[in-house]
Amino acid sequence: MKLFEQDHIQSLAGKSEQLAGKISQGDAIIGVVGLGYVGMPIALEFAKKGFQVIGIDVSTAKVDALTKGENFIEDLDDQEVAGVVAAGKLTASTDYASLEPADVIFVAVPTPFNAHKDPDISYILAAGEGISTSMSSGKLVILKSTTFPGTTEDHLIPMLEKSGLKAGTDFYVAFSPERVDPGNKVWHTANTPIVVGGINEESGILAAWTNNQIIEKVYMVDNPKVAEMEKLLENIFRSVNIALVNEMALLCERMGGINCWEVIEAASTKPFGYMKFTPGPGVGGHCIPIDPYYLSWLARKYDFETRFITLAANVNEGMPYHVANLAIREISKQPISLPDSKVLILGASFKKNVKDLRHSPSEAIIHRLIESGITNISYSDPWAPEYVVAGKTYYSVELTPESLAEYNCVILVTDHDDFDLQYIVDHSKCLIDTRNKTGNLERGQEKVILLGNIDSRPKLVMEH
Ligand SMILES: NC(=O)c1ccc[n+]([C@@H]2O[C@H](COP(=O)([O-])OP(=O)(O)OC[C@H]3O[C@@H](n4cnc5c(N)ncnc54)[C@H](O)[C@@H]3O)[C@@H](O)[C@H]2O)c1
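Every chain begins its residue count from 1, and numbering advances along the sequence as written. It should be noted that, the model being predicted, local features are given only for residues of pLDDT at least 70 and side-chain atom pairs only at 80 or more, the latter also being counted only at that level, while totals for whole chains, interfaces and linings use all residues.

Another aspect to go through is the nonpolar core. Core analysis: the biggest nonpolar cluster contains 69 residues, and Val-33, Ala-43, Val-107 and Val-141 have the highest contact counts within it. Ranked by residues supplied to this core, first place goes to helix α2 (residues 39–48) with six residues. In this description, a residue-residue contact is defined by the distance between C-beta atoms placed from the backbone, which must lie within 7 Å. Apart from residues lying up to four places away in sequence, Val-107 is in contact with Val-33, Gly-34, Ile-124, Ala-127, Val-141, Leu-143, Lys-144 and Ser-145. Counting residues in hydrophobic clusters, the runner-up holds 66 residues, among them Ile-309, Ile-377, Leu-412 and Cys-430. As used throughout, a nonpolar core is a set of buried Ala, Val, Leu, Ile, Met, Phe, Trp, Tyr and Cys residues joined through C-beta atoms within 7 Å of each other. Remark: C-beta atoms are placed from the backbone, and a residue is labelled buried if 20 or more other C-beta atoms sit within 10 Å of its own, exposed if 12 or fewer do, or partly exposed between those counts. Here a strand is any run of E in DSSP of at least two residues, a helix any run of H or I of at least four, and the numbering for each starts at the N terminus.

Next up, the structure:
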């Protein structure tokens, strides 16, 4: 691996030198396929730098909104989006033919799993096929979507080569994983280093030089597979460490008398060899719940079982069920049957201060409550006015003293800053705190059940 330096472009010649020159001059036209959480920040950053940007998305709603200068990604500045659209620097279309003038094309389409948790790269294939229809000599394609090693070379390139042109000689290809962290106020596109892996040296240098226009530090690795694998490692690292503290929380609850959060706080005082992760109601979003399965699926093809990685995913997936069970346990202490009880979920999005609902732990919690006979479920989320679970549309409810008093249990799933927890606890019968956000409340601690610190349960101690 090496840090990209501008001197690297001196080694380019012919078509690749021409493209590098266009990038240097700000004349390269940038295409972005997939205008979502990943694609939109890329499109905006290049447009702000003065590049002409063409966005492609299958969603007519997104294309229409962007064409009107409307922003639909919460982290992006509405004025900035409107500004680059009004200046004609950013255009959007559903038609891949619009990509014809693009010199560099980023692909940032979804990579979900299917019902069996096997990778679904159909969006990448569709994007590759779409790009092939307007492919011409000298272009560079950079795949951003998180995926398993081999996707760029074995799956995307055959689609691009439907153009009749040859990857590596006629056009350039690289994989460069995305590190955007929606809601993060410190680390943003420009100051977050990025990795690129080209299919050949020119591809790697061109992809690094393109990224370097909007990102301060770009590292080049040997090939796309290394870059694809390192992205999975980043996300699986989080999954495994979250699973570890989740297991610790479950153990502290089982033992009683040990507050898991204080254990973690204490361990975090060690200045080396420890990194802080916190337990919670489960993992969510488009990355952490999915990416481990991309790797375990691939590993099985090589007769290799990723036991550790799969175990971590299993532990994390069990957390929403555990949280729902905590709610059921609290309700069962009240003089009401489960079918007559009412539960309120605070936060539908998968993490604080964002509106992304994908794979949110709230979904599994609601499923488990319904399975247990609790159908009177509401949610409140200042970021998400509507939430569809199991085919039913829920609407975010207002939190009034009267409405809060009606719930037999309130579950804090997502700790949005907008939630006034003192107010909520004051008016609620009980609150399950899965985020350790109630420790500093002045009143009502007796109503709080803290994940990872439950004292009241009779303890089972194994006799030997
Ligand atoms: N969201 C994150 O924080 C994040 C971070 C790092 C990596 N990633 C990865 O980046 C990729 C994109 O994620 P996202 O969160 O931006 O997804 P997203 O759903 O927000 O955006 C993807 C966009 O692609 C569009 N699309 C789907 N098929 C298309 C096609 N054939 N042609 C053109 N457009 C198409 C969708 O309409 C959507 O607007 C995924 O692989 C994800 O794992 C996401």
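From this point, the discussion proceeds with the structure in view.
Time to look at the site of the ligand. Put plainly, near means the residue's C-beta atom, positioned from the backbone, lies within 6 Å of the molecule or strand in question. Taken together, 28 residues lie around the ligand, and Gly-34, Gly-36, Tyr-37, Val-38 and Ser-145 are the ones closest in. Take the shell around the ligand: its biggest share by element is four residues, from helix α5 (residues 122–132).

Let's shift gears to the packing of helix α8 (residues 224–255) against helix α11 (residues 307–331). Axis angles are defined between N-to-C directions and span 0 to 180 degrees, where every axis is a line fitted to C-alpha atoms and, for a helix, only to the segment in contact. Direction vectors running N to C along α8 and α11 enclose 50 degrees, while the axes themselves pass 8 Å from each other. Of the possible angle classes, the one that applies to α8 and α11 is oblique. For the crossing formed where α8 meets α11, the hand is left-handed. Contact residues: α8 offers Ile-236, Ser-239, Val-240, Ile-242, Ala-243, Asn-246, Glu-247 and Leu-250, while α11 offers Phe-308, Ile-309, Ala-312, Ala-313, Val-315, Asn-316, Met-319 and His-322. Any residue outside Ala, Val, Leu, Ile, Met, Phe, Trp, Tyr, Cys, Pro, Asp, Glu, Lys and Arg is labelled polar, Gly included; the first ten of those are nonpolar and the last four are charged. Here the contact of α8 with α11 is composed, by residue class, of 11 nonpolar, four polar and one charged. Small angles under 35 degrees read as roughly parallel and large ones over 145 as roughly antiparallel, with 65 to 115 read as roughly perpendicular and the rest as oblique. For a crossing to be left-handed, the near helix must be turned anticlockwise from the far one by less than a right angle; the clockwise case is right-handed.

So, on to the sheet that holds strand β7 (residues 172–175). Strands qualify as paired when DSSP identifies two bridges or more between them. Reading across from one edge, β1-β9-β8-β7-β6-β5-β2-β3-β4 is the order of the nine strands in this open sheet, with mixed pairing throughout. Taken across any chain shown, the strands that pair with only one partner, and hence form the sheet edges, are β1 (2–3) and β4 (90–93). With two bridges connecting them, β7 and strand β8 (residues 194–198) associate as antiparallel partners. Its bridge partner being in β8, Phe-175 is matched across the sheet by Gly-197. The strands touched by α5 within the sheet are β2 (29–33), β5 (104–107) and β6 (140–143), with β5 carrying the most contacts at an inclination of about 160 degrees. Packing against the sheet, helix α6 (residues 151–160) makes contact with β6 and β7, and its axis sits at approximately 145 degrees to β7.

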